[in-house]
Each structure stands twice: as C-alpha cells, then as structure tokens.
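Now for the letters of each chain:
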Amino acid sequence: MAAYDKADIERRMHGAVDALKGDLSGLRTGRASITLLDPVTVEVYGSQMPVNQVATVSTPEPRLISVQVWDKSNVGSVDKAIRSAGLGLNPIVDGQTLRIPIPDLTEERRKELAKLAGQYAEKARVAVRNVRRDGMESLKADEKKNLLSEDERKRHETEVQKLTDSAIADIDAATAAKEKEILGK
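About the cut-offs
- Residue indices follow the written sequence of each chain, beginning from 1 at its first position.
- Note on the predicted model: pLDDT of at least 70 is required for a residue's local features to be given, and 80 or more for side-chain atom pairs to be given and counted; whole-chain, interface and lining totals, by contrast, use all residues.
- Here the side-chain values reflect all heavy atoms present in the structure, with hydrogen atoms and water set aside.
- For the purposes of this entry, the term helix denotes a DSSP run of H or I that reaches at least four residues, the term strand denotes a run of E that reaches at least two, and both are numbered from the N terminus.
- The atom set for the radius of gyration is the C-alpha atoms, and the globule formula is 2.2 Å times the number of residues raised to the power 0.38.
- Accessibility here uses a 1.4 Å probe with only protein chains present; expressed as a share of the type maximum, an area under 20% marks a residue as buried, one over 50% as exposed, and anything in between as partly exposed.
- Residue contacts are counted whenever heavy atoms from the two residues lie within 4.5 Å of one another.
- Between any two strands, at least two bridges found by DSSP are needed for them to pair.
- Interaxial angles span 0 to 180 degrees and are taken between N-to-C directions of axes, which are lines fitted to C-alpha atoms, for helices over the stretch in contact.
- Each reported salt bridge corresponds to a side-chain nitrogen of Lys or Arg within 4 Å of a carboxyl oxygen of Asp or Glu.

Quick notes on the overall build of the protein
Within the protein, the regular secondary structure consists of 4 helices and 6 strands. Since a compact globule built from 185 residues should have a radius of gyration of about 16 Å, the 22 Å found for the protein marks it as more spread out than a globular shape. Overall size of the protein, expressed as C-alpha extent along the three principal axes, is 70 × 40 × 20 Å. Here the protein, with 185 residues, has 37% of them falling under the buried criterion. Intrachain contacts of the protein at a sequence separation of at least 6 include 65% that bridge at least 24 residues.

Laid out in structure tokens, this is it:
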C-alpha cells in the first residue's frame, strides 16, 4: 500500500484553513459578535470553562453583546474574565446579565487587527505548504520503493499542487474578506 494518502492531505489542508477561519472570527471588527468571547475562559467550580458554557451569549444590538450568566454566583468571575481577556471590553453588570458595549475601533487599532489577520493567514499558508511538502516527500519515497511509477508520481504531485493552490486561495479569500470587514465599515 502506498504511503501517499490524498484524503489525509486534503483533510490536513482543510484543517489549516478552518483554524485560520477560527482565528479570524475572534478578531474584533467594531461589530458585536458572539465569537468575540470565544477565547475568554472563566474560572468556575475550580476549573477553567469557556464563557458559552456558563452563560448564554447573544447580540441584541449591532454594538452590544449580552451575556446572561446562568448561576448568580459566577457573575463576578465572568465579569473579571472578560475584563482581563485583553479584548478591550468593559462589561456593565445588571443582575445576572452583563451588557458589553462594543467601542468603535480607532484607525490605529484597525490597522493592527488587519496586520494580525495577515499574520494568521501566513501561519495558515505555512501549514498548508508543510502538508504539501509531506505529500511530495511521501510520493518520492513511494516511487523509490517501486510502489508508484514516475508517471503516477507526477500525476499525484499535480493533484497535491491543485489541493495546495485551492487551500491557499481559500486562505487568501477569508483573509481579504476579514481585512475588508476590519478596515472598511
């Protein structure tokens, strides 16, 4: 059996693209989004938990996130976790609900976020290229072991390159859309 596995290569490249989309969704664009609080973990019941496992997160208005904490005793912990998450958000406590106004982004902050989006994209491109390299190396190894003919190896290398090009195009499209969302209202 050949070591070359197209489905595995495809899965790993899609994984890099999905990871990028997750990273990008956490970047603030000046609009309220429930994914904004995804990186925030709260210490409750002696362990760290994501905010969405201790509260209902919603966006009732374009510039407001509402966090309805289920257990009254956790309101303080959730407030503290959001404030110390480095997102520049200041919740307003109202009973068991935290109202989080989303401030306008300064031009400088927008540029920083766009640059960060670019860094995330480059990290994803490198991951895709590494998968491509692994695929190409396994094809060459298979040819050396006489598991593949030279023609088969070349055909598979073309497939791997097409997968790579497609994944890079997905990365570029997702990044361009996010940068546009960050920079232009």
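And the narrative resumes.
Observations regarding the sheet that holds strand E4 (residues 64–69)
Two strands in a sheet stick together by hydrogen bonds in their backbones, pointing the same way (parallel) or opposite ways (antiparallel). Strands sit in the order E3-E4-E6-E5 across an open sheet of 4 strands; the sheet is antiparallel. Both outer strands of the open sheet, strand E3 (55–61) and strand E5 (92–94), are each paired with one neighbouring strand and no more. The sheet shows a mean angle of 25° between the axes of neighbouring strands, direction not considered. Pairing between E3 and E4: 5 bridges, direction antiparallel. Looking at the pairing, Ala 55 lines up with Val 69 of E4. Each of E4, E5 and strand E6 (97–101) is contacted by helix H2 (residues 75–83), which is oriented at about 15° to E6, the strand it contacts most.

Comments concerning the side chain of Thr 175
One can find Thr 175 in helix H4 (residues 150–183). Residues within four places of Thr 175 in sequence aside, it is in contact with Leu 20, Leu 24, Ala 117, Gly 118 and Ala 121.

With respect to the pattern of salt bridges
Overall, the coordinates contain 16 salt bridges when judged by the stated rule. Between Asp 8 and Arg 11 there is a salt bridge; the shortest N-O distance is 2.5 Å. In this pair, Asp 8 and Arg 11 both sit in helix H1 (residues 6–25), 3 residues apart, roughly one turn of the helix. With relative accessibility at 24%, the residue Asp 8 sits in the partly exposed group. One salt bridge in this structure joins Arg 12 and Asp 134, with 2.6 Å as the shortest N-O distance. Note that Arg 12 is positioned in helix H1 and Asp 134 in helix H3 (residues 107–144), a separation of 122 residues in sequence. Taken together, the shared-partner salt bridges in this structure form one network comprising Asp 8, Arg 11, Arg 12, Arg 133, Asp 134 and Glu 137.

Some words on the environment of Glu 122
Structurally, Glu 122 is set in helix H3. Here the alpha-carbon distance between Glu 122 and Leu 20, two residues 102 residues apart in the chain, equals 9.5 Å.

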